Every structure is written in structure tokens, then in C-alpha cells.
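Spelled out from the first residue to the last, the chains are:
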Amino acid sequence: MPVTQVKAALSPPATLACPIVSALDKWVSESVQPAAPRWFNQPVVEIKQISSYSCRQMVGAGPHISEHAFGNALDVAGFILADGRKVMVKDGWNGRPEEAGFLHDIQGAACNVFTTVLAPGYNVYHYNHIHVDLMRRASGRTPCRPNPIPGEVAAARQMQKSKYASHRNDRLVTGSIGSKEKVAVPGEDGEDDDE
């Protein structure tokens, strides 16, 4: 079965209005499922959500009614792949290169389907999920925050971070004060590496 035809369960089950159900189906079939094999060589079988219908105000936005109160919003916290691997927004957004690449790709794609997309980096309230909704605005604005970047860019940034971290020289960190002799590291002590 082609990946785009693999159905992904929403867990826990969500109460949503019909328009967002259609938008969610479109996003999953046209963006999420095609991105999963590209980054992980397998499809998504489950979408973990942390908020759907909830009669409440917008968090951090004063007295405005949330789109969640109309069943017109969903907060996606993560994805479960066919092999059981969990790709969670909280850890994956700035995590392993393939997770960051996947999450940034699908966030950018969501911006073409939903009228509001808010992801980690937008504000403190969205550190662990991607919020999508179909809010109608008289201005016609369709906020997508933070501004999306291609998955390849996000993955390259994470590769660079992990490359830097793996090349740190922890030999100089002893955790104690003593008479241990400092190990000379070429370039760090003002001497050139002659090798």
C-alpha cells in the first residue's frame, strides 16, 4: 500500500468540527505521510494530540475565545512510526537531524492547509506541540509561526550542533582541583599542530 494511503490514528480520539477534519486529512495524506518515509523510511501510524475541543479562552491572548472552543483547532504533540518509534515535537523540534527535518517540513506544509500554525519557538505556550486551526480573520492573515524553514535546513543545523558537541574535548574537564597535568590540545594552547 502506498504510504499516502496508510491511515494514521489520532490518539487520544479528538472531538473536531468537520472543516478541520477535512484539513487534517489533507495535511496527513499529502504532507505528513510523504515526509515520513523520506526522513524515516516508514509511515506514521499514530498522531499524538494533546488538545482538540476545549471550551476556553486563548492561552496568553487575553479574553479572546480559542478556536479549540469551536472544535476548530488541534495541538499535535507527536507521531508514532510503523516500527514504534516516537517522534515528539518537544524533543524533536531541535533534536536529532531527521526528527527536526521531518517536523519542520510538516510545519511548513501545514501553513498551506491551515489558517494558523504555531510551533515551538513561537512562544512559551507552544514548546511541545504544533497548533493548527482554521480561524477566519477579517484581515485574511494566516499566521505561520515561527516562519517555516525547509527540513533540510533544520536537519543541517542539528547535524552541525551534534558535530560540534561530538568534537568537544572533555579531557580537560576533571571535576576536581588538583595537580593533574593539563593535556596539550593543538591550537588551544597557542601552539600550532605540526602533524
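Residues numbered from 1 in each chain as written. Predicted model: local features only at pLDDT ≥ 70, side-chain atom pairs only at ≥ 80, totals over all residues. Heavy atoms only, no water.

Participant: I tried to follow the layout of surface pockets on my own but got confused; where do I start?
Facilitator: One simple way to see leftover space: roll a probe sized like a water molecule over the atoms. Its volume calculated, the largest pocket comes out at about 530 Å³. For the lining of the largest pocket, the secondary-structure elements that each account for two or more residues are β5 (116–118) and β6 (130–133). Its residues assigned to classes, the lining of the largest pocket shows eight nonpolar, nine polar and seven charged. In this structure, the second largest pocket occupies an estimated 230 Å³ of space. Lining the second largest pocket are 13 residues, with K7, A8, L24, D25 and V28 positioned closest to its centre. By residue number, the principal contributor to the lining of the second largest pocket is helix α1 (residues 18–40), which donates five residues. Tallied by class, the residues present in the lining of the second largest pocket amount to eight nonpolar, three polar and two charged. (1 Å grid on protein atoms, 1.4 Å probe; cavity = no way out; pocket = protein on both sides within 12 Å on 5 of 7 lines; lining within 4 Å. Points joined across faces, edges and corners; volume = space filled by probe spheres on them. Helix = DSSP H or I, 4+ residues; strand = E, 2+ residues; numbered from the N terminus. Nonpolar A, V, L, I, M, F, W, Y, C, P; charged D, E, K, R; others polar.)

Participant: Quick question: what am I supposed to make of the confidence of the model for the protein chain here?
Facilitator: With 80% of its residues at a pLDDT of 70 or more, the protein chain shows a mean pLDDT of 85. A low-confidence stretch, residues 167–195 stays under pLDDT 50, and its non-local contacts, those more than four residues away or across chains, total eleven contacts. (pLDDT = per-residue confidence, 0-100. Contact = heavy atoms within 4.5 Å.)

Participant: Which parts of the structure should I look at to understand the packing of aromatic side chains?
Facilitator: Working definition: an aromatic ring pair is given by the centre-to-centre distance plus the angle between the planes. Counting across every chain of the model gives three aromatic pairs. The interplanar angle of 65° and the centroid separation of 5.3 Å between the aromatic rings of F40 and F102 together place this pair among those described as edge-to-face. Within this pair, whereas F40 is found in helix α1, its partner F102 is found in helix α3 (residues 97–110), the two being separated by 62 residues in sequence. The two residues F40 and F102 agree in class, both being buried. Residues F79 and F102 carry aromatic rings whose centres are separated by 5.4 Å and whose planes lie at 85° to one another, so their mutual orientation is edge-to-face. Within this pair, whereas F79 is found in strand β3 (residues 73–81), its partner F102 is found in helix α3, the two being separated by 23 residues in sequence. (Phe/Tyr/Trp six-rings, centres within 6.5 Å; stacked < 30°, edge-to-face > 60°. Buried < 20%, exposed > 50% of the residue type's maximum accessible area, 1.4 Å probe, protein only.)

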